[in-house]
Amino acid sequence: MPGLNVPDLFTQQLERLGEEHFLVLLWAAMSADKQVKYNITNCFDDLKASGITRTKQTAVAVVEAMHLLCLIDIKDERNRKNIYLTNFGGQALRRLAESGQFQSKNSAFLEEPKK
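A brief structural summary. As the structure is a computational prediction, the values presented were derived from the model and not from experiment. Numbering of residues begins from 1 in every chain and follows the order in which that chain's sequence is written. pLDDT decides what is reported in this predicted model: residues at 70 or higher carry local features, side-chain atom pairs at 80 or more are listed and counted, and totals for whole chains, interfaces and linings draw on all residues regardless. With hydrogens and water excluded, all non-hydrogen atoms of the structure serve as input to the side-chain values.

### Section: the overall build of the chain
Alright, step 1. Helices and strands together make up the secondary structure of the chain, namely six helices and two strands.
Alright, step 2. Runs of H or I in DSSP of at least four residues are treated as helices and runs of E of at least two as strands, each being numbered from the N terminus. Reading the chain from its N end, one meets helices and strands in the order α-α-α-α-β-β-α-α.
Alright, step 3. The globule rule is 2.2 Å times the number of residues to the power 0.38, and the radius of gyration it is compared with is taken over C-alpha atoms. Computed over C-alpha atoms, the radius of gyration of the chain comes to 14 Å, within 12% of the 13 Å expected from 2.2 N^0.38 for 115 residues, which places it in the range of a compact globule.
Alright, step 4. A principal-axis box enclosing the C-alpha atoms of the chain has dimensions of 55 × 30 × 25 Å.
Alright, step 5. When the 115 residues of the chain are sorted by exposure, 36% land in the buried category.
Alright, step 6. Residues count as neighbours in contact if any of their non-hydrogen atoms are within 4.5 Å of one another. Put simply, 61% of the contacts in the chain that link residues at least 6 apart link residues at least 24 apart.
Alright, step 7. Within the chain, one finds 15 positive and 14 negative side-chain charges whose respective centroids are separated by 6 Å. In this scheme, a residue with accessible area under 20% of its type's maximum is buried, one over 50% is exposed, and one in between is partly exposed, where area comes from a 1.4 Å probe on protein chains only. Charge convention: Lys and Arg are scored as positive, Asp and Glu as negative, and His as well as the terminal groups of each chain are ignored. Think of each charge as sitting on NZ of Lys, CZ of Arg, CG of Asp or CD of Glu.

And the structure:
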């Protein structure tokens, strides 16, 4: 596309993200803040509890799409695929939060007391 610059591309990418993407970015940021590992299984459980999906396949697709956009990193650690927010993901989360288009939802994994 002639004349398309990087900030325009980033803006267009953000405009295509949905609630599920926003929540994964939010929960990845929360896990970093709490210094807790957050993996794809935790993500699926949280998306399911939020009523966004009933299948792990959908959660994996959401995570993979954000990984391809460089909004998150996925690292294999001890038989888990852990999710980490990138600098671009942090910028995306900030802009999405400022837009007011999505509401935060609790992560059962990150916010419920551990037994």
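From this point on, the discussion continues.
### With respect to the environment of C70
Alright, step 1. With respect to the secondary-structure elements, C70 resides in the loop between α4 (56-68) and β1 (72-77).
Alright, step 2. Taking the relative accessible area as the measure of exposure, C70 reaches 42% and is therefore partly exposed.
Alright, step 3. As a C-alpha pair, C70 and S107 span 37 residues in sequence and 22 Å in three-dimensional space.
Alright, step 4. Among residues more than four places away in sequence, those in contact with C70 are T86, F88 and G89.

### Considering helix α2 (residues 19-34)
Alright, step 1. Multiplying one less than the number of residues by 1.5 Å gives the expected span of a helix. For α2, which comprises 16 residues, the first-to-last C-alpha distance of 22 Å matches the rise-based estimate of 22 Å (1.5 Å per residue) to within 8%.
Alright, step 2. Among the residues of α2, those classed as buried are H21, F22, L23, V24, L25, L26, W27, A28, M30 and S31.
Alright, step 3. Looking at the buried positions of α2, the neighbouring elements they touch are α3 (40-49), α4, β1, β2 (80-85), α5 (87-99) and α6 (108-111).
Alright, step 4. Q35 occupies a position one or two residues after α2 and carries a positive phi of about 55°.

### Looking at the pattern of salt bridges
Alright, step 1. Definition used for salt bridges: Asp or Glu carboxyl oxygen within 4 Å of a side-chain nitrogen of Lys or Arg. Enumeration according to the criterion identifies four salt bridges in this entry.
Alright, step 2. In this structure, D76 and K81 form a salt bridge, with 3.1 Å as the shortest nitrogen-oxygen distance.
Alright, step 3. Taking relative accessible area as the criterion, K81 reaches 41% and is therefore assigned partly exposed.
Alright, step 4. Here E98 and R94 are joined by a salt bridge, their closest N and O atoms 3.6 Å apart. Of this pair, E98 and R94 both sit in helix α5, four residues apart, which is roughly one turn of that helix.
Alright, step 5. R94 gets classed as partly exposed once you look at its relative accessible area, which sits at 44%.

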